[in-house]
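# Architecture at a glance
What follows is the residue order along each chain.
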Amino acid sequence: MRKILIAGNWKMNNDVDESLKLAQELSALSDSFDKNVEVLICPPFTSLYAVKRALHGSVIKVGAQNMHYEDKGAYTGEVSPLMLKGIGIEYVIIGHSERRQYFNETDEIVNKKLKSALRYDIIPILCVGETLEQRESNAERETVKNQIFKAFDGIEPSDAEKITVAYEPIWAIGTGRNATSQQANEMAEFIRSCISELYGSEQADKIVIQYGGSVKPDNAGETLCQPDIDGALVGGASLKADEFLKIINYAK
Ligand code: PGA
């Protein structure tokens, strides 16, 4: 059985004090988390170390929102997988649409980052998804398939199954307009079929596929009960402990 992963992507929000407060609020609620649900928070880089320390012994996992693919070197302003590993980071979001859109992250860079994260045993959450224009011209499947094939290029089957995929239609991110549960599940199923094409169905069945894009307490229940959706990548609603908890509680 696949695990359920509910991840909070805090984006560029919360300084260290605010991050610690939110992490501690969540930690205080963690007794009520279902055992089958893995809960992850992804604070900004400046808060990672403090939050990771504060959550020592907690069931809540801590992830980064990005990383460079090199171990070290002259890359001003970048953070390496080695540095993340050094503070015990367990997950990293790779290829978020905001990074692809604002920071020119290409499929080739995403592929390098995935390989690098896997080398350090950091679980990558690979984000894929189409623009509104692509959906309206019926190009959403072609777009996502292309992203998946390029992202997984050269990745061994034993590593491929460790990757979590987040289907995040760009038109649903931060817009309040989430995909219907049917649209989300259809794409999750399609992503699984792409992985199956690459690695076979046994491998594809193991891959955790999340949905992301305006997931809120009032729509999470319907999305999370879909058969091919194994969790959610939550932006805005992960910034308030009570809202995030409601989403976690829907995911059983
Ligand atoms: P949102 O963000 O929930 O605020 O739409 C989701 C994401 O970008 O991961």
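Our subject is the structure that appears above.
Here is a short report on the structure shown in this document. (Residues numbered from 1 in each chain as written. Predicted model: local features only at pLDDT ≥ 70, side-chain atom pairs only at ≥ 80, totals over all residues. Heavy atoms only, no water.)

### Observations regarding the environment of Ser 32
Tracing the backbone through its elements, the reader meets Ser 32 in the loop between helix H1 (16-28) and strand E2 (37-42). Counting along the chain gives 14 residues from Ser 32 to Thr 46, while the straight-line C-alpha distance between them is 29 Å. Not counting the four nearest positions on each side in its chain, Ser 32 is found in contact with Leu 245 and Asn 249. At 2.8 Å, the side chain of Ser 32 and the backbone oxygen of Leu 29 are in polar contact. (Helix = DSSP H or I, 4+ residues; strand = E, 2+ residues; numbered from the N terminus. Contact = heavy atoms within 4.5 Å. Polar contact = N/O pair within 3.5 Å; in protein donor to acceptor, adjacent residues only side chain to side chain.)

### Section: the sheet that holds strand E6 (residues 164-167)
The parallel closed barrel is built from eight strands, whose spatial order is E1-E2-E3-E4-E5-E6-E7-E8. Adjacent strand axes in the sheet meet at a mean angle of 25° when their direction is disregarded. Alignment of E6 against strand E7 (residues 209-212), held across three bridges, turns out to be parallel. Across the sheet, the residue bridging to Val 165 is Ile 209, located in E7. Against the sheet, helix H5 (residues 107-119) contacts strand E4 (91-94) and strand E5 (123-128), and its axis sits at roughly 160° relative to E5. In the packing of helix H9 (residues 181-199) onto the sheet, the strands contacted are E5, E6 and E7, and the crossing angle to E6 comes to about 145°. (Pairing = 2+ DSSP bridges. Axes fitted to C-alpha atoms, helices over the stretch in contact; angles between N-to-C directions.)

### Topic: the layout of surface pockets
Computed from the structure, the largest pocket encloses a volume of approximately 430 Å³. Lys 11, Met 12, Gln 65, Arg 99 and Phe 103 are the residues nearest the centre of the largest pocket, which is lined by 15 residues in total. Ranked by residues supplied to the lining of the largest pocket, first place goes to helix H4 (residues 97-102) with three residues. Across the lining of the largest pocket, the residue classes tally to seven nonpolar, five polar and three charged. (1 Å grid on protein atoms, 1.4 Å probe; cavity = no way out; pocket = protein on both sides within 12 Å on 5 of 7 lines; lining within 4 Å. Points joined across faces, edges and corners; volume = space filled by probe spheres on them. Nonpolar A, V, L, I, M, F, W, Y, C, P; charged D, E, K, R; others polar.)

### Section: the pattern of salt bridges
This model, assessed by the stated rule, comprises 16 salt bridges. Between Lys 3 and Glu 38 there is a salt bridge, with its nearest N and O atoms 3.3 Å apart. Of this pair, Lys 3 sits in the segment before strand E1 (4-9) while Glu 38 sits in strand E2, placing them 35 residues apart in sequence. Between Glu 90 and Lys 61 there is a salt bridge whose closest N-O contact spans 3.8 Å. Taken as a pair, Glu 90 in the loop between helix H3 (81-86) and E4 and Lys 61 in strand E3 (residues 61-64) lie far apart in primary sequence, 29 residues in all. Assessed through its relative accessible area of 23%, Glu 90 is described here as partly exposed. Ionic contacts of the salt-bridge type, sharing partners, join the residues Arg 2, Arg 192, Asp 228 and Asp 230 into one network. (Salt bridge = Lys/Arg side-chain N within 4 Å of Asp/Glu carboxyl O. Buried < 20%, exposed > 50% of the residue type's maximum accessible area, 1.4 Å probe, protein only.)

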